[in-house]
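Architecture at a glance
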Amino acid sequence: MGENKVKFKLYTLGCVAAMYFNRHLDYSTIGANPKTDIYCADSFIISGDGFQGFRLPSPLPPMPYISFVNYNLDQGEFIKAYEKSAVLLGGDKIDDA
């Protein structure tokens, strides 16, 4: 791992998938709490929203000034949108996010 690197792992066993995402970022430098917030760039990396034109069926909560200001999103709101999108995309269960 180095600066500005993301480590992503995907494990599957039958119809169960586990995903792990790790990016070294000191949330205190962006005024965020890692227990309650998610950084804007991380929300897009995790969800894939915007990658090659992909859009989540249930969009992420409104985010101010995209492309102009970095912001922090409430993790609970992100998880709700992520889980709803997973169901709309055919997933039937998310145990942990």
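Residues numbered from 1 in each chain as written. Predicted model: local features only at pLDDT ≥ 70, side-chain atom pairs only at ≥ 80, totals over all residues. Heavy atoms only, no water.

What to know about the overall build of the protein
Scanning the protein from N- to C-terminus turns up two helices and four strands. The order of helices and strands in the protein, counted from the N terminus, is β-β-β-α-β-α. A buried classification covers 25% of the 97 residues belonging to the protein. Pairs at least 24 apart in sequence give 38% of the contacts found in the protein among residues at least 6 apart. (Helix = DSSP H or I, 4+ residues; strand = E, 2+ residues; numbered from the N terminus. Buried < 20%, exposed > 50% of the residue type's maximum accessible area, 1.4 Å probe, protein only. Contact = heavy atoms within 4.5 Å.)

Some remarks on the side chain of serine 85
Relative to the helices and strands, serine 85 resides in helix H2 (residues 75-88). The class for serine 85 is buried, based on a relative accessible area of 1%. If we skip the residues at most four places from it in the chain, serine 85 touches Leu56, Pro57 and Ser58.

Structural notes on the pairing of strand E1 (residues 6-13)
Looking down a regular strand, the side chains alternate between one sheet face and the other. Two elements, E1 and strand E2 (residues 16-23), share eight bridges in a ladder whose sense is antiparallel. Across the sheet, the residue bridging to threonine 12 is alanine 17, located in E2. Hairpin connection between E1 and E2: a loop of two residues separates the two successive antiparallel strands, and glycine 14 in this loop has a positive phi of roughly 65°. (Pairing = 2+ DSSP bridges.)

Some details on the packing of aromatic side chains
All chains considered together, the criterion is met by two aromatic pairs. Centroid distance tyrosine 11 to tyrosine 20: 5.8 Å. Interplanar angle 75°. Geometry classified as edge-to-face. (Phe/Tyr/Trp six-rings, centres within 6.5 Å; stacked < 30°, edge-to-face > 60°.)

As for the pattern of salt bridges
Evaluated as defined, the whole model comprises two salt bridges. Here arginine 55 and aspartate 49 are joined by a salt bridge, their closest N and O atoms 3.7 Å apart. The exposure class assigned to arginine 55 is exposed, which follows from its relative accessible area of 54%. Relative accessible area serves as the criterion here: at 15%, aspartate 49 is assigned to the buried category. A salt bridge links glutamate 77 to lysine 80; the nearest nitrogen and oxygen atoms lie 3.2 Å apart. Here lysine 80 and glutamate 77 lie together in helix H2, a separation of three residues that amounts to about one turn. (Salt bridge = Lys/Arg side-chain N within 4 Å of Asp/Glu carboxyl O.)

Observations concerning the nonpolar core
Counting 12 residues, the largest nonpolar core consists of Tyr27, Ala32, Ile38, Tyr39, Cys40, Leu56, Leu60, Tyr71, Leu73, Phe78, Ala81 and Tyr82. Elements with a contribution of two residues or more to this core: strand E3 (37-39) and H2. No other element matches the three residues that H2 contributes to this core. Setting aside residues no more than four positions away along its own chain, phenylalanine 78 makes contact with Ile38, Ser43, Ile46, Ser47, Leu60, Pro61 and Leu73. (Core = buried A, V, L, I, M, F, W, Y, C linked by side-chain atoms within 4.5 Å.)

Points about a nonpolar patch on the surface
Together, Val6, Phe8, Leu10, Met19 and Ile45 line one region of the surface with nonpolar side chains, adding up to about 470 Å² of accessible area. Tracing the backbone through its elements, the reader meets isoleucine 45 in helix H1 (residues 40-47). Judged by relative accessible area, isoleucine 45 falls into the partly exposed class, the value being 43%. (Patch = residues over 30% accessible without salt bridge, like charges linked within 9 Å, V, L, I, M, F, W, Y side chains within 5 Å. Areas by Shrake-Rupley, 256 points an atom, 1.4 Å probe, with all protein chains shown as cover.)

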